[in-house]
Amino acid sequence: MKKTALILICMLCLSFVFSQESSLADELQYKASLAMSSSDYKVTAGDVYSLVLSNTVYPIIIDTTYKMRVANLSVIDVAGKTFLEVKALVEQIISRNYPMSGIQFTLQVPAAFKVIVNGEVASVSEHNVWALSRLSSVVGPQLTSYSSTRNVIVTSQSGKKSTYDLFKASRDGDLSQNPYLRPGDVVTVQRLSRRVTIAGAVERPGTYELLEGENLKDLVEKYASNVTPVADTSRIELIRYVNSSFIEGEKLFLSKN
């Protein structure tokens, strides 16, 4: 009985291991397919490519020098280039040396790397990402009540600092404000300076982080998408808690007319 039970446990353990390996293989295949079908996938240190030429397979691993050796024919610099750009270069080199040969150039394993998130976050953390991971994927889970999504700084491995507005990315679909992450990036979330809540007869009530210089008009017309047709703009109430003359806050009555 004990021997049977032991055999059963071993079989279950092996089944679990095989299942995990199958799941990982499926994920890698999915990511590789997604990368090769994306016009903006950048070749990344750690990528593993496969070049098949005349039934000979040449595995190609990209290291941090970003120099790719093409079947002992040439060495090309792939830094900053997309998969499709590199594929075209490889095909040109092969066609120049072997005009009638067949070629297959594919991404087998997309690179994975780590980025650090710090600043006004729940805790400084390190995240495992890949070259199609966007900034919002590591910032969102770490936000606090005082985090700014309008002022997120990404410091690249070279030391270059770029500032992004994730609200514009989500509200306007401006993906330039939600970039892909790259190896060595450090993400710093700034502390917000002003957040307001708008309610009542407006199209998009909610809580918004206003930028420097923006006012009530911007809040109503830009963020809340203006008042509804039944709104009474002669009876606007503004309740101010910060910088108020009273501890309990103060209420101001405004009119748009």
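See the structure printed just above.
We now turn to the structure provided with this report. (Residues numbered from 1 in each chain as written. Predicted model: local features only at pLDDT ≥ 70, side-chain atom pairs only at ≥ 80, totals over all residues. Heavy atoms only, no water.)

Considering the overall build of the protein
Within the protein one finds 5 helices and 14 strands. Each of the 257 residues in the protein was classed as buried or not, and the buried ones make up 33%. Of the contacts made within the protein by residues no fewer than 6 positions apart, 48% connect residues no fewer than 24 positions apart. Accessible surface computed for the protein: about 16,000 Å², of which carbon and sulfur atoms make up 55%. (Helix = DSSP H or I, 4+ residues; strand = E, 2+ residues; numbered from the N terminus. Buried < 20%, exposed > 50% of the residue type's maximum accessible area, 1.4 Å probe, protein only. Contact = heavy atoms within 4.5 Å. Areas by Shrake-Rupley, 256 points an atom, 1.4 Å probe, with all protein chains shown as cover.)

Looking at the nonpolar core
Ranked by internal contacts, the top residues of the largest apolar core, which has 25 residues, are Tyr41, Tyr49, Met68, Val90 and Phe105. Those elements giving two or more residues to this core turn out to be strand S1 (48-53), strand S3 (67-70), helix H2 (83-97) and strand S5 (103-109). Counting residues per element, this core draws most heavily on H2, at 5 residues. Contact partners of Val90, with chain neighbours within four places excluded, come to Leu51, Met68, Val70, Ile76, Ile103 and Phe105. Counting residues in hydrophobic clusters, the runner-up holds 15 residues, among them Phe113, Leu135, Val152 and Val154. (Core = buried A, V, L, I, M, F, W, Y, C linked by side-chain atoms within 4.5 Å.)

Focus on the pattern of salt bridges
Side chains that differ in sign of charge can pair as their charged atoms come close. Going through the model one piece at a time under the given rule, you end up with 9 salt bridges. Between Arg191 and Glu120 there is a salt bridge, and its shortest N-O distance comes to 3.1 Å. Here Glu120 lies in the loop between strand S6 (112-119) and strand S7 (125-130) and Arg191 lies in strand S10 (residues 186-191), a separation of 71 residues in the sequence. Judged by its relative accessible area of 19%, Glu120 is buried. In this structure, the salt-bridge partner of Lys222 is Glu214, at a minimum N-O distance of 3.0 Å. Given the relative accessible area of 11%, Glu214 is considered buried. (Salt bridge = Lys/Arg side-chain N within 4 Å of Asp/Glu carboxyl O.)

Quick notes on the sheet that holds S1
The strand order across the open sheet built from 3 strands is S2-S1-S5, with neighbouring strands paired in antiparallel fashion. Lying at the two open borders of the sheet, with one neighbouring strand each, are strand S2 (56-61) and S5. For this sheet, the mean angle separating the axes of adjacent strands, direction not counted, is 20°. Of the strand pairs in this sheet, S1 and S5 are connected by 6 bridges, and their pairing is antiparallel. Bridge pairing in S5 links Leu51 to Phe105. (Pairing = 2+ DSSP bridges. Axes fitted to C-alpha atoms, helices over the stretch in contact; angles between N-to-C directions.)

Section: the packing of aromatic side chains
Summed over all chains, the structure comprises 7 aromatic pairs. Between Tyr41 and Trp130, the ring centres sit 6.2 Å apart and the planes meet at 40°, which makes this aromatic pair tilted. Within this pair, whereas Tyr41 is found in the loop between helix H1 (2-36) and S1, its partner Trp130 is found in strand S7, the two being separated by 89 residues in sequence. The exposure class of Tyr41 is buried, given its relative accessible area of 0%. (Phe/Tyr/Trp six-rings, centres within 6.5 Å; stacked < 30°, edge-to-face > 60°.)

Side note on the sheet that holds strand S8 (residues 147-155)
Ordered in space as S7-S6-S10-S8-S9, the 5 strands form an open sheet in which the pairing is mixed. What marks the edges here is a single partner per strand, and that holds for S7 and strand S9 (161-164). Strand-to-strand twist across the sheet, computed as the mean angle between neighbouring axes with direction ignored, equals 30°. Pairing analysis gives 6 bridges linking S6 to S7, with the strands arranged antiparallel. Note on S7: the bridge partner recorded for Phe113 is Val129.

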